[in-house]
Amino acid sequence: MERINASIDFDRRFWREDIRGSKAHAEMLVATGILTAEDGAAIQLGLDEIWGEIESGQFNFSRALEDIHMNVEARLREKIGDAAGRLHTARSRNDQVATDMKLWCRGAIDALETALGALHRALIDQAERNAETIMPGFTHLQVAQPVTFGHHLLAYVEMIGRDRGRLADCRRRLNECPLGSAALAGTPYPIDRDMTARALGFDRPAANSLDAVADRDFALELLAAASICANHLSRLAEEMVIWTSQQFRFITLSDAYTTGSSIMPQKRNPDAAELVRAKIGRILGAFTALSVVMKGLPMTYGKDMQEDKEPVFDAVDSLGLAIAAMTGMVADMQANPEAMRRAVEAGFPTATDLADWLVREAGLPFRDAHHVAGRIVRAAEERGCGLADLPLGVMREQHDGIDERVFEVISVDASVRARTSYGGTAPDRVREQIAAVRDRFIDGAGS
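Residues numbered from 1 in each chain as written. Predicted model: local features only at pLDDT ≥ 70, side-chain atom pairs only at ≥ 80, totals over all residues. Heavy atoms only, no water.

Visitor: Looking at this structure, how should I read the overall build of the protein?
Guide: Scanning the protein for helices and strands turns up 19 helices and six strands. The globule rule puts the C-alpha radius of gyration for 447 residues at 22 Å, and the 30 Å found for the protein is more than 25% above it. For the protein, buried positions account for 49% of its 447 residues. Restricting to contacts in the protein with at least 6 residues of sequence separation, those with at least 24 account for 74%. Accessible surface for the protein amounts to roughly 20700 Å². Of this, 50% is attributable to carbon and sulfur atoms. (Helix = DSSP H or I, 4+ residues; strand = E, 2+ residues; numbered from the N terminus. Rg over C-alpha atoms; globule rule 2.2 N^0.38 Å. Buried < 20%, exposed > 50% of the residue type's maximum accessible area, 1.4 Å probe, protein only. Contact = heavy atoms within 4.5 Å. Areas by Shrake-Rupley, 256 points an atom, 1.4 Å probe, with all protein chains shown as cover.)

Visitor: Where do I start with the packing of aromatic side chains in this structure?
Guide: The description of an aromatic ring pair rests on the distance of the ring centres and on the angle between the ring planes. Enumeration over the complete set of coordinates arrives at seven aromatic pairs. Plain terms: the ring middles of Phe-149 and Trp-243 are 5.4 Å apart, the flat faces sit at 80° to each other, and that makes the pair edge-to-face. With a gap of 94 residues between them, Phe-149 in helix H8 (residues 149-174) and Trp-243 in helix H11 (residues 217-243) connect regions that are remote in the sequence. Here the aromatic residues Phe-14, Trp-104 and Phe-313 are joined through ring pairs into a cluster of three or more. Taking the ring centre of Phe-313 as reference, the NZ or CZ of Arg-13 above it sits at 5.0 Å. The positively charged end of Arg-106 is found above the aromatic ring belonging to Phe-202, 4.9 Å away from the centroid. (Phe/Tyr/Trp six-rings, centres within 6.5 Å; stacked < 30°, edge-to-face > 60°. Lys NZ or Arg CZ within 6 Å of the ring centre and 35° of its normal.)

Visitor: Any chance you could explain a nonpolar patch on the surface here in plain terms?
Guide: A contiguous nonpolar surface patch, about 280 Å² in accessible area, is contributed by Leu-184, Leu-210 and Met-299. With respect to the helices and strands, the residue Leu-210 is situated in helix H10 (residues 209-214). With relative accessibility at 35%, the residue Leu-210 sits in the partly exposed group. (Patch = residues over 30% accessible without salt bridge, like charges linked within 9 Å, V, L, I, M, F, W, Y side chains within 5 Å. Salt bridge = Lys/Arg side-chain N within 4 Å of Asp/Glu carboxyl O.)

Visitor: What am I meant to see in the pairing of strand E2 (residues 142-148) here?
Guide: Each regular strand displays side chains that alternate between the two surfaces of the sheet. The pairing of strand E1 (residues 134-139) with E2 spans six bridges and is classified as antiparallel. What sits directly across from Phe-138, in E2, is Val-143. Remark: two residues form the turn of the hairpin made by E1 and E2, two consecutive strands paired antiparallel; His-140 in that turn has positive phi of roughly 55°. (Pairing = 2+ DSSP bridges.)

Visitor: Which parts of the structure should I look at to understand the side chain of His-151?
Guide: Relative to the helices and strands, His-151 resides in helix H8. Separated by 3.4 Å, the side chain of His-151 and the backbone oxygen of Gly-424 make a polar contact. (Polar contact = N/O pair within 3.5 Å; in protein donor to acceptor, adjacent residues only side chain to side chain.)

Visitor: Would you mind showing me how to read the pattern of salt bridges here?
Guide: Any two side chains of opposite charge can pair if their charged atoms end up close together. Evaluated as defined, the whole model comprises 33 salt bridges. Asp-110 is the partner of Arg-171 in a salt bridge, and the nearest nitrogen-oxygen pair spans 2.7 Å. Here the residue Arg-171 occupies a position in helix H8, and Asp-110 occupies one in helix H7 (residues 93-129), the gap between them amounting to 61 residues. One salt bridge in this structure joins Asp-169 and Arg-172, with 2.3 Å as the shortest N-O distance. Placement of both Asp-169 and Arg-172 in helix H8 is noted, with a separation of three residues, approximately one turn of the helix. Residues joined in a network through salt bridges with shared partners are Glu-49, Glu-53, Arg-75, Glu-78 and Lys-79.

Visitor: Just checking my understanding: could you explain the nonpolar core for this structure?
Guide: Across soluble globular proteins, nonpolar side chains have a tendency to be buried as a group. One finds Leu-233, Val-312 and Met-326 to be the most contacted residues of the largest nonpolar core, which totals 94 residues. When residues in this core are grouped by element, the largest group, 16 residues, is from H11. (Core = buried A, V, L, I, M, F, W, Y, C linked by side-chain atoms within 4.5 Å.)

Visitor: Looking at this structure, how should I read helix H13 (residues 309-332)?
Guide: Residue pairs spaced three or four apart in an α-helix point in one direction, given the helix's 3.6 residues per turn. The end-to-end C-alpha distance of H13 is 35 Å, a good match for the 34 Å that 24 residues give at a rise of 1.5 Å each. Counted residue by residue, H13 has 17 buried out of 24 residues, so it is predominantly covered. (Expected span 1.5 Å × (residues − 1).)

Visitor: What am I meant to see in the environment of Phe-10 here?
Guide: Assignment of secondary structure puts Phe-10 in helix H2 (residues 8-11). Judged by relative accessible area, which is 15%, Phe-10 ranks as buried. If we ignore the near neighbours within four places in the chain, the residues touching Phe-10 are Gln-306, Lys-309, Glu-310 and Phe-313.

Visitor: In this structure, what is going on with the packing of H11 against H13? I would like to understand it.
Guide: Between two packed helices, both the angle of their axes relative to each other and the distance between the axes serve to describe the pair. Between H11 and H13, the shortest axis-to-axis distance is 10 Å and the interhelical angle comes to 30°. Here H13 runs roughly parallel to H11, going by the angle between their axes. For the element pair H11 and H13, the recorded crossing hand is left-handed. Only Pro-311, Val-312, Ala-315, Val-316, Leu-319, Ala-322, Ile-323, Met-326, Met-329 and Val-330 of H13 make contact with H11, whose side of the interface consists of Ala-219, Leu-222, Leu-223, Ala-226, Cys-229, Ala-230, Leu-233, Leu-236, Ala-237 and Met-240. When its residues are assigned to classes, the contact of H11 with H13 shows 20 nonpolar, no polar and no charged. (Axes fitted to C-alpha atoms, helices over the stretch in contact; angles between N-to-C directions. Parallel < 35°, antiparallel > 145°, perpendicular 65-115°, else oblique. Left-handed = near helix turned anticlockwise from the far one by under 90°. Nonpolar A, V, L, I, M, F, W, Y, C, P; charged D, E, K, R; others polar.)

Visitor: I keep staring at the side chain of Ser-318 and nothing clicks. Help me out?
Guide: As for its placement among the helices and strands, Ser-318 is situated in helix H13. For Ser-318, a relative accessible area of 4% translates into the label buried. Among the polar contacts listed, one links the side chain of Ser-318 to the side chain of Arg-282, at a separation of 3.5 Å. In contact with Ser-318, not counting residues within four places along its chain, are Lys-279, Arg-282 and Ile-283.

Visitor: Just checking my understanding: could you explain the state of the cysteines for this structure?
Guide: What is meant by a disulfide is a covalent connection between two cysteines, made through their sulfur atoms. The full count for this structure, using the stated rule, is zero disulfides. The closest cysteine sulfur to the non-disulfide-bonded Cys-105 is located on Cys-170, 7.2 Å from its own sulfur. Here Cys-170 falls in the buried class, since its relative accessible area comes to 0%. (Disulfide = S-S within 2.5 Å.)

Nothing here speaks to function; it is geometry throughout.
Given below as structure tokens:
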């Protein structure tokens, strides 16, 4: 029973939040006349001393006392006597643990936001350095159209921006204080819940005492946002694994983020990227685990909810590590423009430009132009050359409206420069996007 019931082995992690909550609660009890100033001062001093003991590693955590709340309270009683027992007036472990968990999650969100800001900077800096570096754009992992490497990286800038937005939304919704809801029904003591909420940095007290102790939406929302973010990191990590392979060689990662083989001396394995790619399993698993715990629980608190902490702790740790590793890899990677150029020129990526030219200059419906362009691509394949190297006469065999002006649009460079629509890959547009995302996510309110 002790092993299954006790949570101190993991909930000791939010000892800071627990002591902060107790100090705010005690201050409010004194202000409302529920607690004497003398008892309040003794409690504050005792809690400060316990903070120092835990921080210095001198505190003895006891599994027999079950959780962080009782461990702190028992030590407080050893220090100041009966006054320690008065600290729990007008509260319960139910509202206490909900408050601690919200405070911890809020701090975790702030740390993740800072980490994602650093990743944003690294991605934007690389995008700026590679605003004109041409690479193949893919669909189905097949060469589709030429894009710039900077444009490709800006796609992840947008993804990470949405991740930061989801975390900000989660933080805003969780920032209501459960403390003072007591076990589930509130308390008959004349407490000031607004005072406690302000002292702990919450926007307001939670409005319903039942919901306040039963709610773990905030933890689920954090895990959902973390799962989506980890999904984005996993996609970028997968691309890095592909890009560093001998078959692609689009980028190089230094020894700082790769490892050698135990048997093959020539290997440089992108282990950091592979591990980032894998972290989604743990993080999404945490979301699933807590969803299953909460599903079907009747109001209000059940001991099942003790299972909320370990998945959240592990998911936040895993995501924070993955973000740090990805930030390092993005800053570390070196693009290989020559390899990207060879790959883009091998896949007839300007076939769409040829079809568009036939629509504009020869007046063909796009579907017909698509078929003509397809036949010209086959002709180039048979001759083993690119579209820009195919003789005009061969093209005219497929449609006699084609003239020498077509060569102005079917080179890789011309194709990229032509994509000037908003959000497009033309280098000038990419530079505009870089300036805009710096303002949105780094220099402006998004930072």
